[in-house]
Amino acid sequence: MDHLKRLFDNNLVWAENIKQNKPNFFSDLSKQQSPDYLWIGCSDSRVVSEQLVGLQPGELFVHRNIANVVVPTDLNCLSVIQFAVEILKVKHIIVCGHYGCGGVKASMESVEHGLIDNWLCHIKSVHQQNEDELLAIKGETKRLDRLCELNVIEQVKNICHTTVVQRAWRNRKELSVHGCIYTLETGILKNLNVRFSEIHHMNDIFQLKEAKRDVYKPNITIMKTDYEGR
Ligand code: ZN
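Residues numbered from 1 in each chain as written. Predicted model: local features only at pLDDT ≥ 70, side-chain atom pairs only at ≥ 80, totals over all residues. Heavy atoms only, no water.

Caption draft 1: Quick peek at the overall build of the protein chain. When helices and strands are counted, the protein chain shows nine helices and five strands. Secondary structure elements in the protein chain, listed N-terminal to C-terminal, are α-α-β-α-β-α-β-α-α-α-α-α-β-β. Relative to a compact globule of 230 residues, whose C-alpha radius of gyration would be 17 Å, the protein chain shows 24 Å and is clearly more extended. Projected onto its principal axes, the C-alpha positions of the protein chain cover 90 × 55 × 40 Å. (Helix = DSSP H or I, 4+ residues; strand = E, 2+ residues; numbered from the N terminus. Rg over C-alpha atoms; globule rule 2.2 N^0.38 Å.)

Caption draft 2: Representation of the packing of helix α6 (residues 116–129) against helix α8 (residues 140–160). At their nearest, the axes of α6 and α8 sit 10 Å apart, and the two run at 105 degrees to each other. Compared by their axis directions, α6 and α8 come out roughly perpendicular. Residues I123, V126, H127 and Q129 of α6 lie in contact with α8, whose contacting residues are L147, L150, N151, E154 and Q155. Residue composition of the contact of α6 with α8, grouped by class: four nonpolar, four polar and one charged. (Axes fitted to C-alpha atoms, helices over the stretch in contact; angles between N-to-C directions. Parallel < 35°, antiparallel > 145°, perpendicular 65-115°, else oblique. Contact = heavy atoms within 4.5 Å. Nonpolar A, V, L, I, M, F, W, Y, C, P; charged D, E, K, R; others polar.)

Caption draft 3: Region of interest: unusual backbone geometry. The phi angle at A67 is positive, at roughly 70 degrees, despite the residue not being glycine. The residue A67 is located in the loop between β2 (60–65) and α4 (75–87) in this model. On the accessibility criterion, A67 (0% relative accessible area) is buried. One non-glycine residue, N68, adopts positive backbone phi at about 40 degrees. Relative to the assigned elements, N68 resides in the loop between β2 and α4. (Buried < 20%, exposed > 50% of the residue type's maximum accessible area, 1.4 Å probe, protein only.)

Caption draft 4: The coordination of the zinc ion, seen in detail. Coordination of the zinc ion by the protein is provided by C42 (SG), H98 (NE2) and C101 (SG), with metal-donor distances spanning 2.1 to 2.3 Å. For the zinc ion, the single-chain donor residues occur in sequence as C-x55-H-x2-C. Note that C42 is positioned in strand β1 (residues 37–42) and H98 in strand β3 (residues 92–98), a separation of 56 residues in sequence. Just as C42 is buried, H98 falls in that class too. (Donors = N, O, S within 2.8 Å, 3.2 Å for Na, K, Ca; no water.)

Caption draft 5: Region of interest: the packing of aromatic side chains. Applying the stated criterion to the full structure yields three aromatic pairs. Three or more aromatic residues joined by ring pairs make a cluster, and in this case those are W14, F25 and F26. (Phe/Tyr/Trp six-rings, centres within 6.5 Å; stacked < 30°, edge-to-face > 60°.)

Caption draft 6: Focus on a nonpolar patch on the surface. Among the surface-exposed residues, L4, L7 and F8 lie close enough to one another that they form a single nonpolar patch of about 320 Å² accessible area. Along the chain, F8 turns up in helix α1 (residues 5–21). (Patch = residues over 30% accessible without salt bridge, like charges linked within 9 Å, V, L, I, M, F, W, Y side chains within 5 Å. Areas by Shrake-Rupley, 256 points an atom, 1.4 Å probe, with all protein chains shown as cover. Salt bridge = Lys/Arg side-chain N within 4 Å of Asp/Glu carboxyl O.)

Caption draft 7: Inspection of helix α9 (residues 163–170) at higher detail. All buried positions along α9 are accounted for by V164, V165, Q166, A168 and W169. Here the buried face of α9 lies against α4, β3, α8, β4 (176–183) and β5 (188–196). Of the residues flanking the end of α9, it is R172, one or two places downstream, whose phi is positive at about 60 degrees.

Caption draft 8: Representation of the pattern of salt bridges within the structure. This structure, assessed with the given rule, holds nine salt bridges. Residues D9 and K5 are paired through a salt bridge, measuring 2.7 Å at the closest nitrogen-oxygen approach. With a gap of four residues between them, D9 and K5 both fall in helix α1, about one helical turn apart. In this structure D9 comes out as partly exposed when scored by relative accessible area, which is 33%. Residue class for K5 comes out partly exposed when judged on its relative accessible area of 46%. A salt bridge links D28 to K31; its shortest N-O distance comes to 3.9 Å. With D28 and K31 both in helix α2 (residues 25–31) and three residues apart, the pair spans about one turn of that helix. Among the residues examined, D28 registers a relative accessible area of 46% and is labelled partly exposed. Judged by its relative accessible area of 65%, K31 is exposed. Salt bridges sharing common partners tie together E133, R146, E149 and K190.

Structure below.
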């Protein structure tokens, strides 16, 4: 039994439908992509990035991982951000979380989940930083949902702190970083109204200035050796 047959059958129907409506769609798209947006979202199968914002293939550059975390040592995510900003020249980076996120929920627990606990440590840090606010919230679900929002806000800041985004802003490139959150039960995307678009929006410690590098001029002195003149 071919477990993937349904997927291949669906693919043929999907491609055919698009070709019927836009005969040149795939040939045009195969030549280039020029999305205006980079989307960093959760891997959760229910949060379907392009569909929920009504965009077509080619309009959204996407990176997804568990609980939409941006870690400054994650080469995968950093490479996506660099390619999106410097090559594709996207104008907006959107971090999209979702309420009831399983990754965020697991980060609130004190039981071992395996390797993923190392990843979830980043969210535990967000929890720790906002402990007073979170502990004041009554009800586990509401507390989880607030941590989902705080996690998005923190990841937006992490993106702004990357050398890629800082360099873009120093060079006066048009680039905004936004945070939003999705509700699985309603399909509605909510703007968290966190938006940064220039380097001065950052705390001083995170405003990287271009280093002044002296042109390397080696000081070469020709030494006389004992062999000379012999
Ligand atoms: Zn999630």
